[in-house]
Amino acid sequence: MIQSALDHWADISKRYYAVIIIAALITAAISYVGASEAEIDTDYYGFFYPETRYMEEIRYIQSEFPGTATILILIEADRINARTVLEEDMLTMTRDLVEAVSGIEGVQEVKSVLDLGSSKEEILSSPLEYRGLYIDKELKYSLVTVELDAKEVPEDAVLVETFQKTVDKVDKVGGSDVTITGLLTWGYAWDKSIRYGLR
């Protein structure tokens, strides 16, 4: 019985192979279009109805206790030429970065090594526990911390892209590197990688 069914299917396949191939191609094309338009929403609040008590409480907490979100900007000195982040031109670049990101909507406060002084000597004369918040022991890395008002900032993707564009406009010292990092950017990168993987 199975053999006869297989023989019958083989017969049909031989007779209508062109139709079967066309149907398979159409199915594959429809599947591809559907998969390419699929979107992943990482906002889990969307799973709840807006009028539920849970969402009302969330909205209340967000409005009354907004708190802050943080973006970190990591500055790396030119390792090949054994430079440090406290060289005059590196401090000037840091100052330009601080000024540039301070103008972004929602930025509450920007902290950097410049809070300790405007020159290498002034910064190094500060206590180690304060310096450690901004620079490493080898003086190869410097950290700029940007605190954001959670009520005023746009969604993560827009915020991170705005920061990236702003930082890209600042003239960089030759050999140095500037990276935007922190929890907001990790979430953004993860979301982008998932979306890209489905295309």
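Here the structure is a predicted model, which means the values were calculated and not measured.

Further remarks concern the overall build of the protein. When helices and strands are tallied, the protein shows 8 helices and 4 strands. Shown N-terminal to C-terminal, the secondary structure of the protein runs as helices and strands in the order α-α-α-β-α-β-α-α-β-α-β-α. For the protein, the residues scored as buried account for 29% of the 199 residues in total. Taking the contacts inside the protein whose residues are at least 6 apart along the sequence as the reference set, 69% of them involve residues at least 24 apart. By element, 58% of the accessible surface of the protein is carried by carbon and sulfur atoms, the whole surface being about 13,700 Å².

For the rest of this paragraph, the subject is the nonpolar core. By size, the foremost hydrophobic cluster in this structure holds 32 residues, and its most contacted members are Leu86, Met93, Val101, Val113, Val146, Leu148 and Phe163. Within the residue set of this core, elements represented by two or more residues are strand S1 (68–76), helix H4 (88–102), strand S2 (107–111), strand S3 (141–149), helix H7 (156–169) and strand S4 (177–181). Broken down by element, this core gets its largest block of residues, 6 residues, from H4. The contact partners of Val146, leaving out residues within four places of it in the chain, are Ala69, Thr70, Ile71, Ile73, Val101, Val107, Glu109, Val110 and Phe163.

Looking now at unusual backbone geometry. Phi is positive for Leu139, close to 60°, though the residue is something other than glycine. Relative to the elements of secondary structure, Leu139 occurs in the loop between helix H6 (128–131) and S3.

This part takes up the side chain of Glu76. Checked against the element boundaries, Glu76 lands in strand S1. Of the polar contacts made by the side chain of Glu76, one reaches the side chain of Tyr141; its length is 3.4 Å.

Right, let's talk about H4 for a bit. Here H4 contains 15 residues, and its C-alpha end-to-end distance of 21 Å stays within 8% of the 21 Å for a straight helix at 1.5 Å per residue. Along H4, the residues that are buried comprise Met90, Leu91, Met93, Thr94, Leu97, Val98 and Val101. What you see down the axis of H4 is that its buried residues fit within an arc of 155°, all on one side. Residues of H4 that are exposed and angled more than 90 degrees away from the buried face: Glu88 and Glu99.

Applying the stated criterion across every chain yields a total of 2 salt bridges. Taking the shortest distance from any N to any O, the salt bridge between Arg83 and Asp89 comes out at 2.4 Å. Residue Asp89 is classed as partly exposed on the basis of its relative accessible area, which comes to 35%. A salt bridge links Lys111 to Glu147, with the shortest nitrogen-to-oxygen separation between them at 3.5 Å. Here Lys111, found in strand S2, pairs with Glu147, found in strand S3; they are 36 residues apart in sequence, far enough to count as distant. When its relative accessible area of 28% is taken as the criterion, Lys111 is described as partly exposed.

Attention now goes to a nonpolar patch on the surface. On the surface, Trp9, Tyr16, Val19 and Ile20 cluster together into a nonpolar patch covering about 430 Å² of accessible area. Positionally, Ile20 belongs in helix H2 (residues 17–36). With relative accessibility at 33%, the residue Ile20 sits in the partly exposed group.

By the criterion of burial, S3 is predominantly enclosed, with 7 of the 9 residues buried. As defined by bridge partners, S2 adjoins S3 across 4 bridges and the pair is classed as antiparallel. Looking at S3, one finds that Glu109 is bridged to Glu147.

Moving on, we get to the environment of Asp96. On the secondary structure map, Asp96 appears in helix H4. Separated by 75 residues in the primary sequence, Asp96 and Asp171 place their C-alpha atoms 8.2 Å from one another.

Our next topic: the side chain of Thr84. Within the fold, Thr84 resides in the loop between S1 and H4. A polar side-chain atom of Thr84 sits 3.2 Å from the main-chain amide nitrogen of Leu86. Dropping the residues within four chain positions of it, Thr84 is found in contact with Ala77, Met90, Lys120 and Leu139.

The rules behind these values
Counting restarts for each chain, with residues numbered from 1 along the sequence as it is written. Thresholds applied to this predicted model are a pLDDT of at least 70 for local features of residues and 80 or more for the giving and counting of side-chain atom pairs; totals over whole chains, interfaces and linings are not thresholded and use all residues. Hydrogen atoms and water are omitted, and side-chain values are computed over all heavy atoms in the structure. Counting from the N terminus, the helices are the DSSP runs of H or I reaching at least four residues and the strands are the DSSP runs of E reaching at least two. Categorising residues by exposure relies on relative accessible area from a 1.4 Å probe, with only protein chains included: less than 20% of the type maximum marks a residue as buried, more than 50% marks it as exposed, and the intermediate range marks it as partly exposed. In what follows, a contact means two residues having at least one pair of non-hydrogen atoms within 4.5 Å. Working definition of accessibility: Shrake-Rupley area with a 1.4 Å probe, residue cover restricted to the visible protein chains. Here the nonpolar core consists of buried residues drawn from Ala, Val, Leu, Ile, Met, Phe, Trp, Tyr and Cys, with membership extended through side-chain atoms lying within 4.5 Å. Throughout this description, a polar contact denotes any pair of N or O atoms lying within 3.5 Å of each other; where both atoms belong to protein, one of them has to be capable of donating a hydrogen while the other can accept it, and for residues adjacent in sequence the pair is counted only when both atoms sit in side chains. Take the number of residues in a helix, subtract one, and multiply by 1.5 Å to get its expected span. Here the arc refers to the directions that run from the helix axis out to each C-beta atom. Note on definitions: salt bridges are taken to be side-chain nitrogens of Lys or Arg within 4 Å of carboxyl oxygens of Asp or Glu. Residues enter a patch when their relative accessible area is above 30% and they make no salt bridge; the linking distance is 9 Å between like charges and 5 Å between nonpolar side chains (Val, Leu, Ile, Met, Phe, Trp, Tyr). Only strands joined by at least two bridges in the DSSP assignment are considered to pair.

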